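Descriptive structure summary
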Amino acid sequence: MKYPIQKKYHSFKERQKRRKESKPPVNRKIAVPSFFTLMNLFSGFLAIISISDGEFVRAAWLIALAGLFDVFDGLMARLADATSDFGIELDSISDMVSFGVAPGFLMYTWSLHELGFVGIIVSALPPLCGAVRLARFNVNARLQPTKDFFIGLPIPAQAIILGAFFLTFRDSLEIFSFLENGVNSALIPIIVVISFLMVSTLPFDKIPRFDRKTIRQNRGKFILFFVYLILILAFQEYGLMAVFTIFMLKGIVIGAIQFFTDDYGPEGVDKFQDYS
């Protein structure tokens, strides 16, 4: 014989068990890469505040810092085998702020505001094309992710190119004095080109996994990435400008070679593109 309080306790335990079973499984490993993703977002938020306060140099370096956090969250996710749909979505939201809105706002507030409505449209291209780039990446990641390359220029790369352009030429604007609209005459084609590259299907290098097998198979790529790192550490904003310009041009050249040799895109890319 069970007392009423025992029956209620038993019923409560059953409800708790059913509620626990109905909850989706939680991968606790995602906490580490998600921390770096949130630091990416926080850096982008601080960059926007810095731009509003007129601290453009600080904002540009915060965008670069967000890029570093973005690299770390991917590395941590792969090392911990913690890749998840949650991580992909959180990363895209963070990237949209740090590498779409922040650099566009920086370019507009620094110089493009002088062009009025045209400046608004041009400075909106990084977040607009970046949103398309991220949405396509998310779709492809669920269908069949590519291992060794990105399809289209990664949004952090275009953001850092714009930030590095500002850091490199902010004190040398007289270089552009012979152009009709000064530095804006250079900014407009740069922004248009890198925004187009984001939504293109050109292949751009991924940072490879740090394991023995991958290092043996991609020794040249690892050496190139270490050279990139040394250039950035040694020459700071000039290194950033040089490294990401080389990275961008390398993708363009490889894409052009593949196009003209009827081998456009690595095998399987066309199957997994989503243009909806």
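Placed above this text is the structure.
Residues numbered from 1 in each chain as written. Predicted model: local features only at pLDDT ≥ 70, side-chain atom pairs only at ≥ 80, totals over all residues. Heavy atoms only, no water.

1. Some details on the nonpolar core
Note that soluble globular proteins tend to have their nonpolar side chains buried in a common cluster. Spelled out, the test is: Here, the term nonpolar core denotes a set of buried Ala, Val, Leu, Ile, Met, Phe, Trp, Tyr and Cys residues that are joined through side-chain atoms within 4.5 Å. Only protein chains enter the accessibility calculation, which uses a 1.4 Å probe; a residue whose area is less than 20% of its type maximum is buried, one above 50% is exposed, and one in between is partly exposed. A helix here means a DSSP run of H or I that spans at least four residues, while a strand means a run of E at least two residues long, and both kinds are numbered starting from the N terminus. Throughout, a residue-residue contact means that at least one pair of heavy atoms, one from each residue, lies within 4.5 Å.
M107, W110, L153 and F165 are the most contacted members of the largest nonpolar core, which has 46 residues in total. At the level of secondary structure, the elements contributing two or more residues to this core comprise helix 2 (31–52), helix 3 (56–79), helix 4 (85–110), helix 5 (117–143), helix 6 (155–169), helix 7 (184–199) and helix 10 (237–260). Beyond its immediate stretch of four places on either side in the chain, F165 contacts W110, F176, V183, A186, L187, I190 and M241.

2. Description of the pattern of salt bridges
Side-chain pairing between opposite charges can occur once the charged atoms of the two side chains come close. Test applied: The salt bridge definition used is simple: a Lys or Arg side-chain nitrogen within 4 Å of an Asp or Glu carboxyl oxygen.
Summed over all chains, the structure comprises 2 salt bridges. R170 serves as the salt-bridge partner of D171, at 3.8 Å between the closest nitrogen and oxygen. With a shortest N-O distance of 2.5 Å, D205 and K250 are connected by a salt bridge. Pair noted here: D205 is in strand 2 (residues 203–205) and K250 is in helix 10, with a separation of 45 residues, a long-range link. Overall, the relative accessible area of 15% leaves D205 in the buried class. According to the relative accessible area criterion, K250 is partly exposed, its value standing at 29%.

3. Quick notes on helix 10
Test applied: To estimate how far a helix should extend, the number of its residues minus one is multiplied by 1.5 Å.
Compared with an ideal rise of 1.5 Å per residue, which puts 24 residues at 34 Å, helix 10 spans 35 Å between its outermost C-alpha atoms and is within 8% of the ideal. All of the buried residues in helix 10 are E237, G239, L240, M241, V243, F244, F247, M248, G251, G255 and Q258. Buried residues belonging to helix 10 abut helix 3, helix 6, helix 7, strand 2 and helix 9 (219–235).

4. A closer look at the packing of helix 6 against helix 10
How we decide: To get an axis, a line is fitted to the C-alpha atoms, and for a helix only the part in contact is used. The angle between two axes follows their N-to-C directions and goes from 0 to 180 degrees. Geometric relationships in this document are graded by angle, where less than 35 degrees denotes roughly parallel, more than 145 denotes roughly antiparallel, 65 to 115 denotes roughly perpendicular, and other angles denote oblique. Crossing chirality is assigned from the near helix's rotation relative to the far helix, an anticlockwise turn below a right angle marking it left-handed and a clockwise turn marking it right-handed. Asp, Glu, Lys and Arg are counted as charged, while Ala, Val, Leu, Ile, Met, Phe, Trp, Tyr, Cys and Pro are counted as nonpolar; the rest, among them Gly, fall into the polar class.
Running from N to C, helix 6 and helix 10 point in directions that differ by 140°, and their axes come no closer than 8 Å. Considering the angle they form, helix 6 stands oblique to helix 10. In this structure, helix 6 crosses over helix 10, and the sense of that crossing is left-handed. Contact residues: helix 6 offers A157, I160, I161, A164, F165, L167, T168 and F169, while helix 10 offers E237, Y238, L240, M241, F244, F247 and M248. Taken together, the residues of the contact of helix 6 with helix 10 sort by class into 13 nonpolar, 1 polar and 1 charged.

5. Some details on a nonpolar patch on the surface
Note the cut-off: Residues enter patches when they are more than 30% accessible in relative terms and free of salt bridges; like-charged ones are connected within 9 Å and nonpolar ones (Val, Leu, Ile, Met, Phe, Trp, Tyr) within 5 Å. Only the protein chains shown count as covering a residue, and every accessible area follows the Shrake-Rupley method with a 1.4 Å probe.
A contiguous nonpolar patch, built from F42, F45 and I49 and spanning about 280 Å² of accessible area, is present on the exposed surface. Here F42 lies in helix 2.

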